[in-house]
Every structure is written in structure tokens, then in C-alpha cells.
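Residue-level listing of the chains:
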Amino acid sequence: MYSSDPDKPIITYTQVYTVHDRFTNGNEQYRLELNADVMDPQGTADITSVTVTAPGGEIYTLYNDGMHSDGNAGDSRFSNYDLPLTGSPATGDYTFTAVDGLGNTATLLDPLNSIPMVPGNMVPENNGYVSIDKPDYRWDAIPGATSYTIDVQDVNNNFIWSRNNITSNTVQHNDDG
């Protein structure tokens, strides 16, 4: 699929995703994850840049090098994940811009309409110690949330267990086998 201009790149898919973490010391962290699928009539190698301009004017570069959560190098998926922010990201339209070697430009807007809240009163606490095999995890429900994700790591941040698409505000460790 290409644009009506036979020389112009086309952006076929975009995503603006934000992550919000809260730590036991009260600090909060926000990150952006941005990606776009971009094609060009002269081939993906002809794309010279893909950027995203946030509503506040900050510009982020997306990559297609296989090292920024973009899949394989040269596969038309341009991404940049884990972009740390000093505060909550701006809501509004994020402008994706692709430029090819001839200077042809394509743009596409993708809105970020809301910032996710972090559940409070987590039990056990974030970074807390658990001494039983199958603890129950619970937290305050967030109004409007449709699902939750939980990641469990050991004291060295090694992966132990993860679960996503949790539709209630409680789950038992290893309930999925």
C-alpha cells in the first residue's frame, strides 16, 4: 500500500504508548514507547528519518536498526522504546513524520488521550519480600482500567513470573500453571 503520490513514503501504523511506574520510595517514572510502520516506493532503505513530535514540541527519533524494540533491521518497523521522561507525557496529538532520500515527506497523527494511573496500596509492596510459594497480589482498582499487568522479579531483577490481561485487582502467583 502506497500513497497516491508514487514517490512519497506512507505511514501505515503508529502507536504512542506510555508506561507509568511507582516505586516504594514514592518516586514515579514515566516512559514513552513509540513505533510506526513506514514504507516507501523506493524501498525501506530509502527512508532517511522517522521522527515523532510530541504536543509540547519535543522530537523523538525512531529507528529501524533492530536495536530499539523495532523488530529486525530493515523490516519497515521504526521504533524507540523506553524513552524516559522527567514527568508525565503530554496528552494530545503526536505527529509521526517520515522523510525519504528525495525529501518526500509523509505525516500521520496519533493521539495520546490519557495517562495511565498506577494502582495504590499494592500487597505485597512493590519491591517487597515474599516468603511463601503462591502469594496473592492485590491493589486498589483504577477507575476505567480494563486490565492490569504484573511482573515479578527476584532481588537481582531476574524474571520470575509475569501475567498480563488481568481483569480484576487481585491475582495469585503462578495461577496459570
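Residues numbered from 1 in each chain as written. Predicted model: local features only at pLDDT ≥ 70, side-chain atom pairs only at ≥ 80, totals over all residues. Heavy atoms only, no water.

Here the largest pocket is characterised by a volume of approximately 1800 Å³. Asp21, Met122, Thr149, Ile150 and Asp151 are the residues nearest the centre of the largest pocket, which is lined by 46 residues in total. Looking at the lining of the largest pocket, the elements with two or more residues in it are β1 (10-22), β2 (28-39), β8 (136-138) and β9 (148-153). Top contributing element to the lining of the largest pocket by residue count: β1, with seven residues. Taken together, the residues of the lining of the largest pocket break down into 27 nonpolar, 12 polar and seven charged. (1 Å grid on protein atoms, 1.4 Å probe; cavity = no way out; pocket = protein on both sides within 12 Å on 5 of 7 lines; lining within 4 Å. Points joined across faces, edges and corners; volume = space filled by probe spheres on them. Helix = DSSP H or I, 4+ residues; strand = E, 2+ residues; numbered from the N terminus. Nonpolar A, V, L, I, M, F, W, Y, C, P; charged D, E, K, R; others polar.)

Here we come to the environment of Thr14. Checked against the element boundaries, Thr14 lands in strand β1. Put simply, Thr14 and Asp133 are 119 residues apart on the chain and 41 Å apart in space, counted from C-alpha to C-alpha. In this structure the side chain of Thr14 is engaged in a polar contact, spanning 2.9 Å, whose partner is the side chain of Asp110. (Polar contact = N/O pair within 3.5 Å; in protein donor to acceptor, adjacent residues only side chain to side chain.)

On to the sheet that holds β1, then. Through backbone hydrogen bonds, the strands of a sheet pair up, either in parallel or in antiparallel fashion. Ordered in space as β1-β2-β5, the three strands form an open sheet in which the pairing is antiparallel. Strand pairing shows two members of the sheet lacking a second neighbour, β1 and β5 (77-85), which therefore form its edges. Pairs of neighbouring strands in the sheet enclose a mean axial angle of 10 degrees, with direction left out of account. (Pairing = 2+ DSSP bridges. Axes fitted to C-alpha atoms, helices over the stretch in contact; angles between N-to-C directions.)

Another aspect to go through is the nonpolar core. In terms of nonpolar packing, the biggest core is built from 21 residues, with Val38, Leu62, Tyr94 and Phe96 touching the most fellow members. For this core, the secondary structure elements donating two or more residues are β1, β2, β3 (47-53), β4 (59-62), β5, β6 (92-100) and β7 (105-112). When residues of this core are assigned to their parent elements, the largest contribution, five residues, is made by β2. The next biggest cluster of nonpolar side chains, apart from the first, holds nine residues, and it includes Tyr148, Trp161, Ile166 and Val171. (Core = buried A, V, L, I, M, F, W, Y, C linked by side-chain atoms within 4.5 Å. Buried < 20%, exposed > 50% of the residue type's maximum accessible area, 1.4 Å probe, protein only.)

Our next topic: the pairing of strand β10 (residues 159-166). The side chains of a regular strand alternate between the sheet's two faces. Pairing geometry for β9 and β10, over five bridges, is antiparallel. Looking at β10, one finds that Val152 is bridged to Trp161. In textbook terms, the turn of a hairpin is the stretch between consecutive antiparallel strands, and for β9 and β10 this stretch comprises five residues, one of which, Asn157, has a positive phi near 65 degrees.

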